[in-house]
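Here is what each chain is made of, one letter per residue.
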Amino acid sequence: MSSTASLKKDYAERIAPALMKQFQYSSSMQIPVLKKIVINQGLGEAVADKKIIEVAINELTAITGQKAVATISRKDIANFKLRKKMPIGVMVTLRRERMYEFLERLIRIALPRIRDFKGINSKFDGRGNYTLGIEEQIIFPEINIDGITKILGMNITFVTSAKTDEEGFALLKGFGLPFKN
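Note that the structure is a prediction, hence the values are computed from the model and not measured. (Residues numbered from 1 in each chain as written. Predicted model: local features only at pLDDT ≥ 70, side-chain atom pairs only at ≥ 80, totals over all residues. Heavy atoms only, no water.)

(A) How the structure looks around the environment of Gln41. Within the secondary structure layout, Gln41 lies in strand β1 (residues 34-42). Counting along the chain gives 111 residues from Gln41 to Leu152, while the straight-line C-alpha distance between them is 7.7 Å. Other than its neighbours up to four places away in sequence, Gln41 contacts Ala56, Leu60, Ile88, Gly89, Val90, Leu152, Gly153 and Met154. (Helix = DSSP H or I, 4+ residues; strand = E, 2+ residues; numbered from the N terminus. Contact = heavy atoms within 4.5 Å.)

Next comes the structure, spelled out in structure tokens:
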């Protein structure tokens, strides 16, 4: 748990003052904060195989330390053999301590384990939020490679209170996300 304190402390002592200076905020309440991290896996194959969802829930729960929930389809789509209310994905929303803990593990341990890693793209959504696509869940040390049946990707969305992409980028770069230059 000491690692969470370090990123949180880092934000309070180093990142926030730097952002305040960089964007000339008049109040400390204007400094962007990381609100939550949402991890999402879309599992279209689950239509044919129900076990995929259970496996994905267990893996995501192991990675994040918080119970993952299945997401369900909103409507029928005949071409995809999809019925309404079928589980087609898995997600977790992390806030506060767990969020910082996950971020720390992502930056320090998981991302450096990606093959041929050159940094992550710095493409934001226009409102200061950032989504990182990860192609394989095996970069997380919590996953036992021998127990893997299928390589699953995931999207990790960093939701910030930043008003602009520039501010969001500065915040996440401050936390140490390895963006490409």
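What follows continues from the structure just given.
(B) How the structure looks around unusual backbone geometry. Here Gln24, not a glycine, exhibits a phi torsion of approximately 45°, which is positive. Here Gln24 lies in the loop between α1 (2-23) and β1. Residues other than glycine seldom take positive phi values, yet Arg96 does so here, at roughly 50°. Summarising the element assignment, Arg96 is placed in helix α3 (residues 96-110). Owing to a relative accessible area of 60%, Arg96 belongs among the exposed residues under this scheme. (Buried < 20%, exposed > 50% of the residue type's maximum accessible area, 1.4 Å probe, protein only.)

(C) Summary view of the pattern of salt bridges. Considering all chains together, one arrives at 2 salt bridges under this definition. A salt bridge links Lys8 to Glu97; its shortest N-O distance comes to 2.9 Å. Within this pair, whereas Lys8 is found in helix α1, its partner Glu97 is found in helix α3, the two being separated by 89 residues in sequence. Of the residues examined, Lys8 reaches a relative accessible area of 36% and is grouped as partly exposed. Judged by relative accessible area, which is 32%, Glu97 ranks as partly exposed. Of the charged contacts in the structure, one is a salt bridge between Asp10 and Arg14, with a shortest N-O distance of 2.9 Å. Of this pair, Asp10 and Arg14 are both found in helix α1, 4 residues apart, which corresponds to roughly one turn of the helix. Overall, the relative accessible area of 23% leaves Asp10 in the partly exposed class. (Salt bridge = Lys/Arg side-chain N within 4 Å of Asp/Glu carboxyl O.)

(D) Quick peek at the nonpolar core. The biggest cluster of nonpolar side chains holds 48 residues, and the ones touching the most others in it are Ile37, Leu106, Phe140, Ile156, Phe158, Phe175 and Leu177. Where this core is concerned, the elements lending two or more residues are α1, β1, α2 (51-64), β3 (87-94), α3, β4 (130-134), β5 (154-160) and α4 (165-175). For this core, the element with the most residues is α3, which contributes 7 residues. Setting aside residues no more than four positions away along its own chain, Phe140 makes contact with Ile63, Phe102, Leu106, Ala110, Arg113, Ile134, Met154 and Ile156. (Core = buried A, V, L, I, M, F, W, Y, C linked by side-chain atoms within 4.5 Å.)

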